[in-house]
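Architecture and fold: a report
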Amino acid sequence: MQDTGSAMINLSRVREWLSKHEGRTDWMYLDTVGKVTVGVGKMLPDAIAALTFRWEIAGQRADPATVRADYSNVAAQLPAKVASWYKTFTRCRMPDAEIDRALDSHVQGVIDGLRQYQLFRDTMTDNQQLGMIDMAYNLGIN
């Protein structure tokens, strides 16, 4: 991934790092604060947000009503369970390519935000860039 006016970001390393430390889940689950989440920590504020992604059931595209039902089923559960616990409440699965697309978009937004505050520089090492991305991904830009 290269953003405007920047050095090359090692996106595959960022993906690998965040997937390892955030977890990578292809079904909807509740995060530690009770928000419906999917992929690599991608929070879905409502069912409409869930519909912006591609979902499948047994390799076939899921219909919007099923995506909404899965969202509602997961949202109605108690939080503070491991992600795998919520799998039984969903039929839809997000393909790996769609998880990567969502992750790439989120990471680009993080990088753009860090650049606005001059907290991300081309002269940083890969490890420094990864550290800044990881912190902002988890804590937010502000």
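This text goes with the structure placed above it.
Residues numbered from 1 in each chain as written. Predicted model: local features only at pLDDT ≥ 70, side-chain atom pairs only at ≥ 80, totals over all residues. Heavy atoms only, no water.

Some words on unusual backbone geometry
In plain terms, the rule: Working definition: helices are DSSP H or I runs of at least four residues, strands are E runs of at least two. Numbering for both runs from the N terminus. Using a 1.4 Å probe on the protein chains alone, a residue whose accessible area is under 20% of its type maximum counts as buried, one over 50% counts as exposed, and one in between counts as partly exposed.
Even without a glycine there, the phi angle at alanine 58 is positive, about 50°. Along the chain, alanine 58 falls in the loop between strand S4 (56–57) and strand S5 (60–61). One non-glycine residue, glutamine 118, adopts positive backbone phi at about 55°. On the secondary structure map, glutamine 118 appears in the loop between helix H4 (96–116) and helix H5 (126–139). The exposure class of glutamine 118 is exposed, given its relative accessible area of 56%.

Some details on empty space enclosed by the protein
What counts, and what does not: Grid points spaced at 1 Å and placed over the protein atoms alone form the basis of the search, with a cavity being a set where a 1.4 Å probe fits but cannot get out and a pocket an open set showing protein on both sides within 12 Å along at least five of seven lines. Lining residues have an atom within 4 Å of a point. Grid points are joined across faces, edges and corners, and a volume is the space filled by probe spheres set on the points. Amino acids are sorted into nonpolar (Ala, Val, Leu, Ile, Met, Phe, Trp, Tyr, Cys and Pro), charged (Asp, Glu, Lys and Arg) and polar (every other residue, Gly among them).
The final tally for this structure, using the stated rule, is one cavity of 30 Å³ or more. Considering only enclosed or pocket space, the largest cavity measures out at about 50 Å³ in volume. Considering the residues around the largest cavity, the lining is formed by Ile9, Asn10, Arg13, Val14, Asp126, Gln129, Leu130 and Ile133. With four residues, the top contributor of residues to the lining of the largest cavity is H5. For the lining of the largest cavity, the class distribution of residues is four nonpolar, two polar and two charged.

Structural notes on the layout of surface pockets
The computed volume of the largest pocket comes to approximately 190 Å³. Lining the largest pocket are Glu22, Tyr29, Asp31, Thr32, Val33, Thr37, Gly41, Met43, His106, Tyr137 and Asn138. Of the residues contributing to the lining of the largest pocket, the split by class is four nonpolar, five polar and two charged.

Notes on the pattern of salt bridges
Rule in force here: A carboxyl oxygen of Asp or Glu within 4 Å of a side-chain nitrogen of Lys or Arg is what we treat as a salt bridge.
Per the counting criterion, the structure on display carries seven salt bridges. With its nearest N and O atoms 2.8 Å apart, the salt bridge here joins aspartate 100 to arginine 24. Residue aspartate 100 is located in helix H4, and its partner arginine 24 is located in the loop between helix H1 (11–22) and strand S1 (25–30); the two are separated by 76 residues in the primary sequence. By relative accessible area, arginine 24 is classed as partly exposed at 32%. We note a salt bridge from glutamate 98 to arginine 101, for which the minimum N-O separation is 2.6 Å. Of the two residues, glutamate 98 and arginine 101 are both situated in helix H4; the distance of three residues between them amounts to about one turn of the helix.

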